[in-house]
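# Structure assessment
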Amino acid sequence: MRMLMNVRMPHAPFNALVREGTAGQKIMRILDTLKPEAAYFTEHEGERTAMLIVDLADPSKIPSLAEPWYLTFQADVDFRVVMTLEDLKRSGLDEIAKNWT
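My aim in this report is to walk through the structure given alongside it, one point at a time. (Residues numbered from 1 in each chain as written. Predicted model: local features only at pLDDT ≥ 70, side-chain atom pairs only at ≥ 80, totals over all residues. Heavy atoms only, no water.)

Attention now moves to the environment of Met-51. Assignment of secondary structure puts Met-51 in strand E3 (residues 47-55). Residue Met-51 is classed as partly exposed on the basis of its relative accessible area, which comes to 29%. Met-51 sits 28 residues away from Phe-79 along the chain, and the two C-alpha atoms are 9.9 Å apart. (Helix = DSSP H or I, 4+ residues; strand = E, 2+ residues; numbered from the N terminus. Buried < 20%, exposed > 50% of the residue type's maximum accessible area, 1.4 Å probe, protein only.)

Take a look at the structure:
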């Protein structure tokens, strides 16, 4: 199942790693391990944020996706199920609507 991981990194721990010169290599290590389909970096509500698209084949894998961020950056991690346009086309949305109108 395709998931959007929203990873928010608090300032103090991340700033300390930036000052040490290790923040970038730590991010790359996590990304190399997780192998997301896509990774974007932005600001969200004033915090450094990574938004990743990952494949979650089994819910028991959630810790393997989230723990590297928790342990490395003291990050907050949220997961959301997402679909591609192709997924939406296969969803049968029009048929579902007929049952509810």
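What follows picks up the thread again.
The four strands lie next to each other as E2-E3-E1-E4, forming an open sheet whose pairing is antiparallel. Pairing within the sheet leaves two strands with one partner each, and these edge strands are strand E2 (38-44) and strand E4 (76-81). Across this sheet, the average inter-strand angle for adjacent strands is 20°, counted without regard to direction. Sheet topology note: the strand E1 (residues 2-9)/E4 ladder contains six bridges and is antiparallel. Along E4, the bridge assignment pairs Met-3 with Val-81. Contacts from helix H1 (residues 11-20) reach E1 and E3 within the one sheet, and its direction differs from that of E3 by about 90°. (Pairing = 2+ DSSP bridges. Axes fitted to C-alpha atoms, helices over the stretch in contact; angles between N-to-C directions. Contact = heavy atoms within 4.5 Å.)

Relative to each other, helix H2 (residues 23-34) and helix H3 (residues 62-73) sit at 170°, their axes nearing to 10 Å. Relative to H3, the element H2 is oriented roughly antiparallel. For the pair H2 and H3, the contacting residues are Ala-23, Lys-26, Ile-27, Ile-30, Leu-31 and Leu-34 in the first and Ser-64, Leu-65, Pro-68, Trp-69, Thr-72 and Phe-73 in the second. Among the residues making up the contact of H2 with H3, the classes are represented as nine nonpolar, two polar and one charged. (Parallel < 35°, antiparallel > 145°, perpendicular 65-115°, else oblique. Nonpolar A, V, L, I, M, F, W, Y, C, P; charged D, E, K, R; others polar.)

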